Amino acid sequence: MLERDITVSNRLGLHARASAKLVQALQGFQANIFITYRGKEVNAKSIMGVMMLAAGLGAQLRLRADGPDEEAAMAAMVDLFERKFDEGQ
Amino acid sequence: MRSVLKGGSAARGMALGRARLEQPGRILVDDRPLAADEIEPEVERLLAAIGLARDELRTLRDKLHGTLASEVGDFLEAHGLILADRDLVAGLVDLVRLGRYRASAALKLQRDKLVAVFEAMEDAYLRSRKEDIDHVLGRVQAALVRESSVEERKLASRVGEILVSDIVAPAELVPLAENGMLGAVLTNGSTLSHSAILARSLRLPMVVGVDDALGSIADGDLILVDGEHGEVVVHPNAQDIARYRHWQREQVQIGKRLARLREAQTLTRDGVPIRLYANAERPADVARARLSGAAGIGLYRTEFLFLQRREIPGEEEQFLAYRDLVLGMGGLPVTIRTLDLGADKADASGVALEEEPNPALGVRGVRLALRHPQLMISQLRAIVRASSYGPVRILVPMITLIEEIHSVRRMLDQCVHDLRSTGQEIAGQVELGAMIEVPAAAIALGGLIRYVDFISIGTNDLVQYVLAADRANDHLGTLYDPLHPAVIKLLAQILAIARRARRPVSLCGEMAADTRYTALLLALGLEDFSMHPGALLEVRERIAQLDHAELLRHAPALLRASSGARIAGVLQRMQA
């Protein structure tokens, strides 16, 4: 199991389109992937779950991946956050 | 029982017809629990509707191409994923199977639950995205409704109906009117919204801000919409109907009187010629512009071409539309405004260009165009090609900086060069103008105007930006006032600078169409008006009553007045 803390750095936060990108990026992985924010844990492969986190700019998230390809899944997820979901801001 | 509901008059005129209640955003729900044998068929109906909604989203996305494919595509992609979300679908199915709710009731419950979560969010932007939920679940609801044949029959015709709803999007209004709808009564809305502007141009009586309309009017009630007084009469009595008939006869008289003005020149009482142009966005507007004796098209809004289709029309399609417009005006000048979309205007069509927290101050008009040069170039090429069929000018919205004009000018020169080098026949010169609606451009006009061939004042946005007051926000009441001294001074300054620089200047906001402001605008020196064609004859009639030299003498008093009320006072004396 891998865990990693990350801060939401795109200006608009985890809105529908950003959540969609996250969910799509994780679709191919076998690992179970969860995001925790303010004590609430959701399945990162569910767009509704991710949107309902209400994680805006600056939110501190804990990412957790558990499964055979957990490293690759975590890397893909972190990469997306660091690219600010390609929103350019 | 007769009752009278009060509201604001958003579009004048009267209409008598059957109320047709529409509750968009909300969901009409059949609350009766399902019988045991109804459950599985209802689950299937629900899943079929979800499937239909997903197919629709996919079809929409496949139609997208060009520069918008990525942005709008992402948005549709997200909605598609929401519909595919296992938790969401399982939750809905559980409501039907375990809760014995009908599909529409399950959708409403789920929507309300999700929206409540969004409404509790701290982040203002994320909170506003409950729209995504409404949009997605609304699509499923619409798919459910379409399946029922009764509903289909009801949708087929609007003849004799008056829409009663909370709000109506501009994109919805046109097809409703074309299908015979007579008028609209809205609980929300503003007299200054885009829908209200459109209703006026469609000559569709509209009363807004009628708080209890949805509670006091039942589907099928006979109602009288009185857009002259901002009233709605439910179950009108014989006297109301007589009043309506009287108004109708009066309209026929006015129509005859105005018809005589069609061929007439526009002259003030003392013989000064004034030019009245028509604003247009649909083919029907062009016909009406001709019928009203317009001097040309002063503002052709190309958004309609874009919004109607929910996809980006290519150069060829745009060229054909512009060519027909130019041919339709038979040699009279046509000013085509380049795409003026922003996050707010795009929403009306159901396709958001960008999600922006503050669309009025965001990427819109020329700002959007410069971010999507391919989109702008295909539009400029289409316009330039249309210019071989008659006189055409290009108007660029939201100009703030001289550099923006330079950028567009470079693109335009390149288009002309490219077209010429492929042997296309095009007009010697296509004039380029700036829409003056950003206060910065208005204040610094002296430096900017040398780089354009003409300007057009967009008062709707200019007034809202100068006063920092959203014209569609009901809560601001009278704050949005075109008679504010700052607005009057700025208009006078723009007109004076244009005169000194010898650049033609027209005014194309709602002010141009409102006969309450005709004397004011003439006094400030305006000679070119552009308005929706429906208002043209009335303004021409008004101008004929006014003495130009006399009005010009009042200009200093207008500029000295320190409040909107004082300016209104001077105006009254001028027109006495």
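Residues numbered from 1 in each chain as written. Chains lettered and ligands numbered in written order. Predicted model: local features only at pLDDT ≥ 70, side-chain atom pairs only at ≥ 80, totals over all residues.

1. Focus on the overall build of chain A
So the rule is basically this: Note on conventions: DSSP H or I runs of at least 4 residues are helices, E runs of at least 2 residues are strands, and numbering of each starts at the N terminus. Exposure is read from a count of other C-beta atoms within 10 Å of each residue's own; the residue is exposed at 12 or fewer, buried at 20 or more and partly exposed in between. C-beta atoms are placed from the backbone.
Scanning chain A for helices and strands turns up three helices and four strands. Along the chain direction, N to C, the helices and strands of chain A fall in the order β-α-β-β-α-β-α. In chain A, which comprises 89 residues, the proportion classed as buried is 39%.

2. Some thoughts on the overall build of chain B
To keep it simple, the criterion reads: Residue pairs qualify as contacts under a 7 Å threshold applied to their C-beta atoms, which are placed from the backbone.
Counting secondary structure elements, chain B contains 27 helices and 16 strands. Per-residue burial for chain B yields a buried fraction of 44% across its 576 residues. Long-range pairs, those at least 24 residues apart, make up 68% of the contacts in chain B between residues at least 6 apart in sequence.

3. Structural notes on the interface of chain B and chain A
Stated formally: Side-chain classes are defined by residue name, with Ala, Val, Leu, Ile, Met, Phe, Trp, Tyr, Cys and Pro counting as nonpolar, Asp, Glu, Lys and Arg as charged, and the others, Gly among them, as polar.
Listed per partner, the contact involves 19 residues of chain B and 15 residues of chain A. Listed by contribution, the elements that provide at least two residues to the side of chain B that touches chain A are α2 (68-84), α3 (86-97) and α5 (124-128) of chain B. The greatest single-element share of the side of chain B that touches chain A, amounting to six residues, is contributed by α2(B). Grouping the amino acids of the side of chain B that touches chain A by side-chain chemistry returns nine nonpolar, no polar and 10 charged.

4. A short note on the sheet that holds strand β1 (residues 2-7) of chain A
Residues and elements named next belong to chain A. This is how the line gets drawn: Two strands form a pair only when DSSP identifies at least two bridges running between them. To get an axis, fit a line to the C-alpha atoms, keeping to the stretch in contact for a helix; angles then go from 0 to 180 degrees between the N-to-C directions.
Strand order in the open sheet made by the four strands is β1-β4-β2-β3, with antiparallel pairing throughout. Each edge of the open sheet carries a strand with a single partner, namely β1 and β3 (40-43). Pairs of neighbouring strands in the sheet enclose a mean axial angle of 25°, with direction left out of account.

5. Re the sheet that holds strand β11 (residues 334-337) of chain B
Residues and elements named next belong to chain B. Taken in spatial order, the eight strands line up as β9-β10-β11-β12-β13-β14-β15-β16 and close into a barrel, and their pairing is parallel. Mean inter-strand twist for the sheet, computed between neighbouring axes without regard to direction, equals 25°. Each of β12 (392-396) and β13 (431-436) is contacted by helix α18 (residues 402-421), which is oriented at about 150° to β13, the strand it contacts most.

6. Brief notes about the pairing of β13(B)
The side chains of a regular strand alternate between both faces of the sheet. Residue and element names in this part refer to chain B. To be explicit about the condition: Handedness rule for crossovers: strands pointing away from the viewer, path from the first strand over the helix to the second running clockwise, crossover right-handed.
Burial of β13 is extensive: five of the six residues sit out of reach of the surface. As paired elements, β12 and β13 share four bridges and run parallel to each other. Looking at β13, one finds that arginine 393 is bridged to glutamate 431. With α18 bridging β12 and its parallel neighbour β13, the resulting β-α-β unit is right-handed. When β13 meets strand β14 (residues 454-457), the two strands line up parallel, connected through four bridges. Bridge pairing in β14 places isoleucine 436 opposite isoleucine 457.

7. A word on the environment of B:Arg503
Residues and elements named next belong to chain B. Along the polypeptide, arginine 503 turns up in the loop between α22 (485-500) and β15 (505-507). For arginine 503, a count of 17 C-beta atoms within 10 Å gives the class partly exposed. Considered as a pair, arginine 503 and isoleucine 449 are 54 residues apart in the sequence and their alpha carbons are 7.8 Å apart. Beyond its immediate chain neighbours, meaning those up to four positions away, arginine 503 contacts Ile449, Val452, Phe454, Ile455 and Ala498.

8. Things to note about the environment of B:Thr515
Residue and element names in this part refer to chain B. Among the secondary structure elements, threonine 515 is positioned in the loop between α23 (510-513) and α24 (518-523). The class for threonine 515 is partly exposed, based on 13 C-beta atoms found within 10 Å. Measuring from C-alpha to C-alpha, the distance between threonine 515 and isoleucine 543 comes to 8.8 Å, with 28 residues separating the pair along the chain. Non-local contacts of threonine 515, meaning those with residues more than four positions away in its chain, are made with Glu538, Val539 and Arg542.

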